[in-house]
Every structure is written in structure tokens, then in C-alpha cells.
Amino acid sequence: MKRLYKNKILGEVALCKLVEGFFILLGAHYLTAFIAETAAALLLAAFGFFAGRFVLSGATERFLARLSAEVQLNFRKKIHAQTFKSDAASGELLTLIFDTHQALDEFLMKVAPQVASAIIFLPLFLICAACVDWLTAIILLVTLPIAPLLLWLIGRATAEKSARAWRELQRLNGEFRELLAAITALKMFGRVEAGAAKIHEASRKSSAATLDVLKLAFVSSFALELITTLSVALVAVTLGLRLVAGTVEFQAALFLLIIAPEFFLPIRKFGVAFHVMISARESLGRLKDFLREAKEVSGTVRQILMPPSIALVDVSFAYPKKKSPVLRGVSLKFQAGKVTALIGESGAGKSTILKLLAGLLKPTAGEILWNDLPTLRMERASMLSKVAYAPQAPHLFDAPLKDNFTMFDALDAAQIQRLLSALNLSTLDLNAVQKLSRGQLQRLGLIRALLKDTPIILLDEPTAGLDAATEQKVLALIKEFSLRRTIIIATHRLPVIKFADEIVQL
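Residues numbered from 1 in each chain as written. Predicted model: local features only at pLDDT ≥ 70, side-chain atom pairs only at ≥ 80, totals over all residues. Heavy atoms only, no water.

### So, the overall build of the protein chain
Step number 1: Within the protein chain one finds 16 helices and nine strands.
Step number 2: Taking the contacts inside the protein chain whose residues are at least 6 apart along the sequence as the reference set, 78% of them involve residues at least 24 apart.
Step number 3: Total accessible area on the protein chain stands at roughly 26600 Å², and carbon and sulfur atoms take up 63% of it. (Helix = DSSP H or I, 4+ residues; strand = E, 2+ residues; numbered from the N terminus. Contact = heavy atoms within 4.5 Å. Areas by Shrake-Rupley, 256 points an atom, 1.4 Å probe, with all protein chains shown as cover.)

### Remarks on helix α14 (residues 438-452)
Step number 1: Taking 1.5 Å as the rise per residue, α14 with 15 residues should run 21 Å; its terminal C-alpha atoms sit 21 Å apart, in good agreement.
Step number 2: A large share of α14 lies buried, amounting to twelve of its 15 residues.
Step number 3: Of all the residues in α14, the buried ones are G439, L441, Q442, R443, L444, G445, L446, I447, R448, A449, L450 and L451.
Step number 4: The inward-facing, buried residues of α14 abut β6 (387-390), α12 (401-406), α13 (413-422), β7 (456-460) and α15 (468-480).
Step number 5: The first or second residue beyond α14 is D453, which carries a positive phi of 55 degrees. (Expected span 1.5 Å × (residues − 1). Buried < 20%, exposed > 50% of the residue type's maximum accessible area, 1.4 Å probe, protein only.)

### Looking at the sheet that holds strand β3 (residues 339-343)
Step number 1: Ordered by their spatial adjacency, five strands build an open sheet running β6-β7-β8-β3-β9, and the pairing between neighbours is parallel. Only two strands of the sheet have a single neighbouring strand rather than two, namely β6 and β9 (502-505). Averaged over all pairs of adjacent strands, the angle between strand axes in this sheet comes to 15 degrees, irrespective of strand direction.
Step number 2: One ladder, built from four bridges, connects β3 with strand β8 (residues 486-490); its direction is parallel. Of the residues in β8, the one forming a bridge with T340 is I488.
Step number 3: Running at roughly 175 degrees to β6, α14 makes contact with β6 and β7 of the sheet. (Pairing = 2+ DSSP bridges. Axes fitted to C-alpha atoms, helices over the stretch in contact; angles between N-to-C directions.)

### Notes on the sheet that holds strand β5 (residues 373-374)
Step number 1: Within the open sheet, the four strands sit side by side as β2-β1-β4-β5. Their pairing is antiparallel. The outermost strands of the open sheet, each flanked by one partner alone, are β2 (327-334) and β5.
Step number 2: Bridging between strand β1 (residues 310-317) and strand β4 (residues 365-370) involves five bridges; their strand directions are antiparallel. Across the sheet, A311 pairs through a bridge with L369, a residue of β4.

### Considerations on helix α4 (residues 134-143)
For an α-helix, the turn length of 3.6 residues means that residues three or four places apart are oriented alike.
Step number 1: Within α4, the full set of buried residues consists of T136, A137, I139, L140 and T143. On an axial view of α4, the arc spanned by its buried residues comes to 160 degrees, and they lie on one face. Exposed side chains of α4 directed beyond 90 degrees from the buried face belong to W134 and V142. (Arc of directions from axis to C-beta.)

### What about the nonpolar core?
Step number 1: F405, L446, I447, L459 and I478 are the most contacted members of the largest nonpolar core, which has 36 residues in total.
Step number 2: By residue number, the principal contributor to this core is α14, which donates seven residues.
Step number 3: Look past the residues within four positions of L446 in its chain and what remains in contact with it is A390, L423, L459, V474, L477 and I478.
Step number 4: Residues F125, L224, A252 and F263 belong to the second largest nonpolar core, which totals 29 residues. (Core = buried A, V, L, I, M, F, W, Y, C linked by side-chain atoms within 4.5 Å.)

### Describing the pattern of salt bridges
Step number 1: According to the stated counting rule, one finds eight salt bridges in the structure shown.
Step number 2: Salt-bridge contacts for E471 lead to R493; the nearest nitrogen and oxygen are separated by 2.9 Å. Of this pair, E471 sits in helix α15 while R493 sits in the loop between β8 and α16 (494-499), and the two are 22 residues apart along the sequence.
Step number 3: A relative accessible area of 29% means that R493 is categorised as partly exposed.
Step number 4: Several salt bridges converge on common partners, so that one network encompasses K17, E20, R53 and E262. (Salt bridge = Lys/Arg side-chain N within 4 Å of Asp/Glu carboxyl O.)

### Focus: the packing of aromatic side chains
Step number 1: According to the stated counting rule, one finds five aromatic pairs in the structure shown.
Step number 2: Considering the side-chain rings of F23 and F49, the 5.3 Å spacing of their centres and the 70 degrees angle between planes classify their relative orientation as edge-to-face. You can see F23 sitting in helix α1 (residues 2-37) and its partner F49 sitting in helix α2 (residues 40-83), a full 26 residues away along the chain.
Step number 3: The rings of F23, Y30 and F49 are connected pair by pair, giving a single aromatic cluster.
Step number 4: The ring of F54 carries the charged tip of R53 above its face, separated from the ring centre by 5.2 Å. (Phe/Tyr/Trp six-rings, centres within 6.5 Å; stacked < 30°, edge-to-face > 60°. Lys NZ or Arg CZ within 6 Å of the ring centre and 35° of its normal.)

### Overview of the pairing of β3
Step number 1: In terms of residue burial, β3 counts as a mostly covered element, since five of its five residues are buried.
Step number 2: Residues V339, A341 and I343 line one face of β3 and the alternating positions T340 and L342 line the opposite face, and both faces are buried.
Step number 3: Two elements, β3 and β9, share four bridges in a ladder whose sense is parallel. Residue L342 lies in a different strand from β9, and its bridge partner there is V504.

### Regarding the side chain of T238
Step number 1: Assignment of secondary structure puts T238 in helix α7 (residues 192-245).
Step number 2: In this structure the side chain of T238 is engaged in a polar contact, spanning 2.7 Å, whose partner is the backbone oxygen of L234. (Polar contact = N/O pair within 3.5 Å; in protein donor to acceptor, adjacent residues only side chain to side chain.)

### Points about the packing of α14 against α15
Step number 1: Axis separation between α14 and α15 bottoms out at 12 Å; the angle between their running directions is 10 degrees. Taken together, the axis directions place α14 and α15 in an arrangement best described as roughly parallel. Only T470, V474, L477 and I478 of α15 make contact with α14, whose side of the interface consists of R443, L446 and L450.
Step number 2: Among the residues making up the contact of α14 with α15, the classes are represented as five nonpolar, one polar and one charged. (Parallel < 35°, antiparallel > 145°, perpendicular 65-115°, else oblique. Nonpolar A, V, L, I, M, F, W, Y, C, P; charged D, E, K, R; others polar.)

Right, here's the structure in full:
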């Protein structure tokens, strides 16, 4: 369906450009006829066709804006789906999500119209010129390849500089994000100025690399303007000399002089947007490299009994850029259909284990088993659909609370109200955008996990900071949903530990 929608937009763009080309030819024809006969109707016709040409050009831009929005949305979905599978650094992700998408948008809005114009206008105007005067058509045909050849030569020189600009921008994004993450520690130790100097140096290098690309872009634009101007001048001089010699008619010469600049106009505009094309080409290549998925198994070799037992076998995990691992050779087992309390000292890795079980992180060593089947052999989307995870600090979207609780799915309003009432949240206005306290956010995450209705539920400190009465309501709700589910709760709270069917110590 999406491909059909994109093909429809491309078809609309091609049709607009084709009609625009005929409007230019008809406008030139009636303008030439008006100069010969000076009839007002001919002038109005010429004006109407030239005005229609600009209307169609605006329509083309609107069609391409729709296509750009569709393409960007498609790429964003793919990037988000690939984020947890990739080991890309934060700077690269930020550059991909923001700067790369901007480059693709500029390509569709600035370069694509000129490419469409060149594909349709050049053969159309060349055929028309050949029908009027074959010598002028030969001049246009001979001078046309010079500009693309020049662009190819400049493109080879620009590619390396564009790649350098990308690397510097990626480095700047990464260092800026790291500075923001560590701003509190830097302030405590008086190292804010050093961090700012590092960002300033990265910004200077990124600006210098971008300026190198722009220099080549300006050179290419100037060269194309010069070549196309000389080509049009060659056509004009040739027609002028032949007009004096009497070998060409005045109306034909005037018509060719009008369409000659239009013939080279797409190439001239393409030169202005040439650096955008180079940037977009590099960006698209980086997107494809990032989205190139490793070969995955299409499914399990057999059906898994739900809810499953879950086991970690010699699992180790270390966060990127951290020398010491959070987990080293951990082996744990969680019984199927039971509520298990995962306990341990602060910093022992309980939250990390839940993220590993939820599929948000991948072990650096060891295996995670459902029953006796490794999760790496499972189809990822199918596996994630069977797991619900509530972190310690659930994210609150800038949207009405109803959408925050349901995660934008259409669910039974009565069930939502029942869950809210059970957790003392019935006073919230679900149709409003509100701020929630920490305790309300914890209960928000719990409701999200329960509404997902999965055989595996992972809860990270769901009752931390809650008063005793509210904690008992949370536990009662978990008990209500525990039938035929494997529930794992990372906790320090004694009431939760007593409530659990099993206890696993990390």
C-alpha cells in the first residue's frame, strides 16, 4: 500500500512536469505570435500559459512535500525498530535521526524537482527545437553533456569532504550529549570550562568541514552558470548571424531563443542544489548501513508452552564504554506461572537483568532461555510481543493521559477505569495533558504492563516510595493478573518479597 502511495505521488509529479513543459512551449509559441501580429488575445494566451507553468511548479512542490513526509516517517520507524539491535554510538544515532532526515527532506524538495524537470524537459525541448531548426538542436545536444561531466568530476572531490563533515558532526553530537549527561559531575569538580572548550573545538572542526563542502558547492554552481550561459550565448549568436544572413526565419529564431534558457534551466538549478544531493547520497548510504539487519531466524523450531520458565545461563553484560561488566557469569532460573521477587544489593544489576529479559539489551556472553529454547533463535517481533516491561521511571508522553495509559491503542474504557480505581488514580482527567508524581508514574507503568496482556511481565521496583496502603493495592492488582503469567519483580521491599511465590537472590 505504501509503495502504491509513493508511486501515485511520483506519477503526479511526472504529470505536472509534463504539462508544465507543454505550457512553456505554448507560452513561447503565443508570445512569438504576438510579436509578429500584436493581437491582445495572443498576449493573454502567452501570459496564461506562463502563469499556469508556475502554478504547476507549486503543485509539484506540494506533492514532493507529501512524499518527503512519508519517506521520513518510514525511515524513523525503521531506525526506532533497529535502535535496540544496533551498537551505534549516541552521536551517530542523533545525527541519523535529525541531520540525515533533514538532508533527505532537502533532497526531495530541492533536487528531486530539478531531476524531474531534466528528465522531462530536456528531451521535450530538444525534440521541439529539432522540429523548428535542426542546427540549433545539434548545438543544444553537443553542449548539454559538458555540465553533467563537470558535476561528476566535482562530485568525486566532494564525496570525501562530505564524509569528513559527517564524521565531525557525529563527533560533535556525541561529545555534546556526553557533556549534558555529565554536567552535574563536571560542575562539582569545576571542569565545566574544560568540557565547554572540548565542545567548542569539536564545533570549530565541524564548521570547517562543512565550509569545505560549501566551497565546492559554490564552485560547482558558478561553473554550471558559466557553462549554461555560454551555451545559451552560442545559440543566440548563431541564430543572430543566421538571421542576418537570411537562413532562418525571425519567428523561429525568437521561439528558439525563448526556449534555450528553459532548456538549460534544470541544469542551472541542479548546480545550486548539487551539495544537497551529495549530502543526501551520503546520508542515504549511512542509513542503509545502519538499517542493514543481521540475518535472523524466522521462527522457533517448535511451539513454546506459555507462560514459559525463564533461565539465564552464564550471562555477562557490560555497557558500552564501561571497563567493568555489570553482570559476570550469572545463572538464574524463574519458574513458569509464578510471581518471583528478584532481590539483591543496590547496583547488583537487577534492572539490567530485567532489560535483558525484556529484549532491550543483548548479553555480551551467555544465553537466555525460555523453557529450554534460546531467545536468540526466536523471531524478535514475536518474542517482544510476549513481554511487558515497566521500568522504575516510565516515560510520560506529551499527550492526553488516556493515550499514556493505553500506549495509543484502542482499549476498553471500562477496564481502564477499573484499573485506575484499583490504584487510586480515578481522579485523573484522562483527556488532559498532566504532570504525574513519581508514585503516579510507577502505577502508570504497571497499568501499561497489565493492559498489554502478555504471558511475561517484568516490573522494576513497582512499589518503591509508595505508602503501605497503596502498596497493598498494587500487590492485590498484580495477584489478580498473575494467573497463567510469569511475573518477575525486582524489589527491595519486604512486603513484595513476602508476597512473591518464589525468591531469587542476585
